[in-house]
Amino acid sequence: MEVKLINEFLKEIELFKGLNEDEIKLIAKQVEVKEFSAGSIVFMENSPRKNLYVIYEGEIELFKKTRFGEEKRLSFFTKFDFMGEGTLMDDSPHSTSARALLDSTLFAISRDKLMDIYKQYPDLGIKMLSRIAKVVYRRMKQSNSRIVNALAEFKSGRTRLEHDLLGEREVPNESYYGVQTLRALENFNISGIPISQFPALIEALAMVKMAAAKANNTLGLLSKPITDSIVQACNEILNGKFHDQFVVDMIQGGAGTSTNMNANEVIANRALEILGYDKGEYKYCHPNNHVNLSQSTNDAYPTAVKIAVINSNKKLVEVLSLLIESFMTKAKEFAHIIKMGRTQLQDAVPMTLGQSFEAYAVTLGEEIERLEQNAKLFLELNMGGTAIGTGINADPDYSDKVIAELREITNLDVVLSPNLVEATQDTGAFVMYSSALKRLAVKLSKISNDLRLLSSGPRAGLSEINLPPMQPGSSIMPGKVNPVIPEVVNQIAFKVIGNDLTVTLAAEAGQLELNVMEPVITQSIFESIEMLKNGMETLAHRCIEGITANEEHCRYLVEHSIGLVTALNPVLGYECCTQLAKEALETNRGVYELVLEKNLLSKEQLDQLLAPENMIKPHKIK
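Residues numbered from 1 in each chain as written. Predicted model: local features only at pLDDT ≥ 70, side-chain atom pairs only at ≥ 80, totals over all residues. Heavy atoms only, no water.

Some words on the overall build of the protein
Logical step 1: Secondary structure summary: the protein contains 22 helices and 16 strands in total.
Logical step 2: Against the globule reference of 25 Å for 622 residues, the protein gives a C-alpha radius of gyration of 34 Å, more extended than a compact globule.
Logical step 3: Dimensions of the protein along its principal axes, counting C-alpha atoms only, are 115 × 65 × 45 Å.
Logical step 4: Within the protein, counting contacts between residues at least 6 apart in sequence, those at least 24 apart form 72% of the total.
Logical step 5: In the structure as shown, the protein presents an accessible area of about 30600 Å², 52% of it carried by carbon and sulfur atoms.
Logical step 6: For the protein, the distance from the average position of its 66 positive side-chain charges to the average position of its 80 negative side-chain charges is 3 Å. (Helix = DSSP H or I, 4+ residues; strand = E, 2+ residues; numbered from the N terminus. Rg over C-alpha atoms; globule rule 2.2 N^0.38 Å. Contact = heavy atoms within 4.5 Å. Areas by Shrake-Rupley, 256 points an atom, 1.4 Å probe, with all protein chains shown as cover. Lys, Arg positive; Asp, Glu negative; His and termini not counted. Charge placed at Lys NZ, Arg CZ, Asp CG, Glu CD.)

As for a nonpolar patch on the surface
Logical step 1: On the surface, a cluster of nonpolar side chains totalling about 260 Å² of accessible area is made up of Val442, Phe494 and Ile497.
Logical step 2: Residue position: Ile497 is located in helix 15 (residues 484-508).
Logical step 3: Judged by its relative accessible area of 33%, Ile497 is partly exposed. (Patch = residues over 30% accessible without salt bridge, like charges linked within 9 Å, V, L, I, M, F, W, Y side chains within 5 Å. Salt bridge = Lys/Arg side-chain N within 4 Å of Asp/Glu carboxyl O. Buried < 20%, exposed > 50% of the residue type's maximum accessible area, 1.4 Å probe, protein only.)

Notes on the sheet that holds strand 2 (residues 41-43)
Logical step 1: Strand order in the open sheet formed by four strands is 2-7-4-5, and the pairing between neighbours is antiparallel. Edge positions in the sheet fall to strand 2 and strand 5 (71-77), since each has one partner strand and no second. Ignoring strand direction, the axes of neighbouring strands in this sheet form an average angle of 30 degrees.
Logical step 2: Where strand 2 lies against strand 7 (residues 97-100), two bridges are found, and the strand directions are antiparallel. Each residue of the ladder has a partner; that of Phe43, found in strand 7, is Ala98. (Pairing = 2+ DSSP bridges. Axes fitted to C-alpha atoms, helices over the stretch in contact; angles between N-to-C directions.)

Description of the sheet that holds strand 8 (residues 104-110)
Logical step 1: Overall, antiparallel pairing links the four strands, which are arranged 1-8-3-6 in an open sheet. Among the strands making up the open sheet, the edge pair consists of strand 1 (31-36) and strand 6 (82-83).
Logical step 2: Sheet topology note: the strand 3 (residues 51-57)/strand 6 ladder contains two bridges and is antiparallel. Its bridge partner lying in strand 6, Val54 is registered against Phe82.
Logical step 3: Most of the contacts of helix 1 (residues 3-10) go to strand 3, to which it runs at about 95 degrees, and overall it touches strand 1, strand 3 and strand 8.

Some thoughts on the pairing of strand 7
A regular strand carries its side chains on alternate faces of the sheet.
Logical step 1: Taking every second residue as pointing to the same face, both faces of strand 7 are buried, with Ser97 and Arg99 on one and Ala98 and Ala100 on the other.
Logical step 2: Relative to strand 7, strand 4 (residues 60-65) is paired through four bridges, and the arrangement is antiparallel. The residue of strand 7 that forms the bridge with Ile60 is Ala100.

So, the environment of Glu408
Logical step 1: Mapped onto the fold, Glu408 is located in helix 12 (residues 398-410).
Logical step 2: You can call Glu408 exposed: its relative accessible area is 61%.
Logical step 3: Once the C-alpha coordinates of Glu408 and Ala211 are considered, the two residues, 197 residues apart in sequence, prove to be 8.9 Å apart.

Structural notes on helix 6 (residues 199-218)
Logical step 1: The end-to-end C-alpha separation of helix 6 is 29 Å, in line with the 28 Å expected for 20 residues at 1.5 Å each.
Logical step 2: Where burial is concerned, most of helix 6 is hidden: 15 out of the 20 residues are buried.
Logical step 3: Positive phi shows up at Gly220, right after helix 6, with a value of about 80 degrees. (Expected span 1.5 Å × (residues − 1).)

Looking at the environment of Ala133
Logical step 1: Tracing the backbone through its elements, the reader meets Ala133 in helix 4 (residues 122-144).
Logical step 2: When the C-alpha atoms of Ala133 and Gly86 are compared, they prove to be 9.6 Å apart, with 47 residues separating the residues in sequence.

Considerations on the pattern of salt bridges
Once the charged atoms of two side chains with opposite charge are near each other, the side chains can pair.
Logical step 1: Applying the stated rule across the entire model yields 30 salt bridges.
Logical step 2: Where Glu464 meets Arg342, a salt bridge forms, and the shortest distance between an N and an O atom there is 2.7 Å. Of this pair, Glu464 sits in the loop between helix 14 (428-454) and strand 15 (465-466) while Arg342 is found in strand 11 (residues 338-343), placing the two residues 122 residues apart along the sequence.
Logical step 3: For Glu464, a relative accessible area of 0% gives the class buried.
Logical step 4: A relative accessible area of 28% places Arg342 in the partly exposed class.
Logical step 5: Residues Arg439 and Glu366 are paired through a salt bridge, measuring 3.8 Å at the closest nitrogen-oxygen approach. Within this pair, whereas Arg439 is found in helix 14, its partner Glu366 is found in helix 11 (residues 353-375), the two being separated by 73 residues in sequence.
Logical step 6: Three or more residues joined by partner-sharing salt bridges are found here, namely Glu236, Arg270, Glu273 and Lys279.

Digging into the nonpolar core
Logical step 1: Residues Ile230, Phe357 and Tyr433 are the most contacted members of the largest nonpolar core, which totals 115 residues.
Logical step 2: Here the element with the most residues in this core is helix 10 (residues 297-333); it accounts for 16 residues.
Logical step 3: Excluding its chain neighbours within four sequence positions, the residues that come into contact with Phe357 are Phe327, Lys330, Ala331, Phe334, Leu451, Ile465 and Ile547. (Core = buried A, V, L, I, M, F, W, Y, C linked by side-chain atoms within 4.5 Å.)

Interpretation note: all reported values are geometric properties and have no functional meaning in isolation.
And the structure:
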């Protein structure tokens, strides 16, 4: 395509209005014509920004993937529109994706070439950036007018310049996190769940950093002013402040480095404020040199995770105890109601409904011991092991001192692992605890299955109990009410079981001196804990507490059950009871009425044998 044609076209583009003829020609010489067939991708979300695109012909769709992997269209552009203007402002990755809807011709202008032009012609650069600022402002103004979320955050626009190994980046001045957290935000848009969703983890990170600062101060490695500022910042985090600054995704590469640096940067920048400096003035309090002193991600991160799991387990056990109490309350309420027990979904022998609910309480009670037993495995820590357990860059006395500080801060009986190299690479405690969560989930799912069966009907099922109605059950069948609470507990159990497999595979995937898969182990365990807590609380309050029994129906099923003969077996004998069962089955009659009809027992004798107190426990056979 001729440069003259490109030159004339660029004059119509909003972005280049205000440029003189020579400046337009200069830009036109940098254009590369690109053809995109319908359906092809122009650029992908999170990919590096390389070009500014101007649409010469065709249509381009702008879209973004939701946290569930679905594509959401944001807009579409046609002739004279442009995309990727942010390329001319910084090197952040694309926040959206673009796809050609029709065969399209685009003018691509390289960021690198434009940067070279800016250097040679600063006045042109100022004009271009001024125009971009106006375009971005107009777009943001239109977007802001649609915001209805009261929690929407408006940034001032101020930034601070920070640098790391890869170069310099501008960080929003309001943010307490820094450049490494910013890169993690760009790299790990994975689950959509930031670490701020798990306050116990944030609090544990603050505890670890506080303990480290105090230990380093005792050893003379950290001055008192810096130590005090770090400790104060950590205390503020423990009191619920700055949790919104912990923004990195729970699932991340780097074995947890992004989470560790997120904590280091937030604490350092808050400490700087306490010391009287501005955020980013790291020569006075540095995320690595001061907050992370004597540590590595490989000991600080798993230590924080373990402390967080122990504390989260306490809350899990509290909710589990509440559920157990709900089942025991129902067990007492239903203690007098006779019903038919079942094995292999067939009539077995009579029991009481109270016994069923007491069994649920007892089986869940066993899980408290299992959870607490496995949570104790997390008391063994590898602080001071630093990178691989050899203790490089840590004082010989640091491990003992930081463990002592952690005992006081956490009120937990934490101990130092006897072999820090082994402790740094081992994730066996997570496997054990995840297995305990799975075991609890399996029992909850089994109980939920039972509740759904026992409440099935109301006319064509067992219908021995009634679950409290929570919502209409069908968009087409009037009057239908579904067992939605047990159903959701079933689904929670499936997720927990799947998370346990993830933990198992991640633990197995550890290589040599470090298991880099700890972030997905962490995410899986915390997700399981939160879902189990929410599910059990819902099950207790919105289901178990409101269950009622169909007492007469339960009695009717006992009296008409074939399985009733088992209770009569010690009195009438096996052969007689076999004939009774066969006849009852063939004639569709109840064993109860056949016994009376054949004068095998009097009604008083039969009722005495079938009395709840004689049916539910062993008794002397005459």
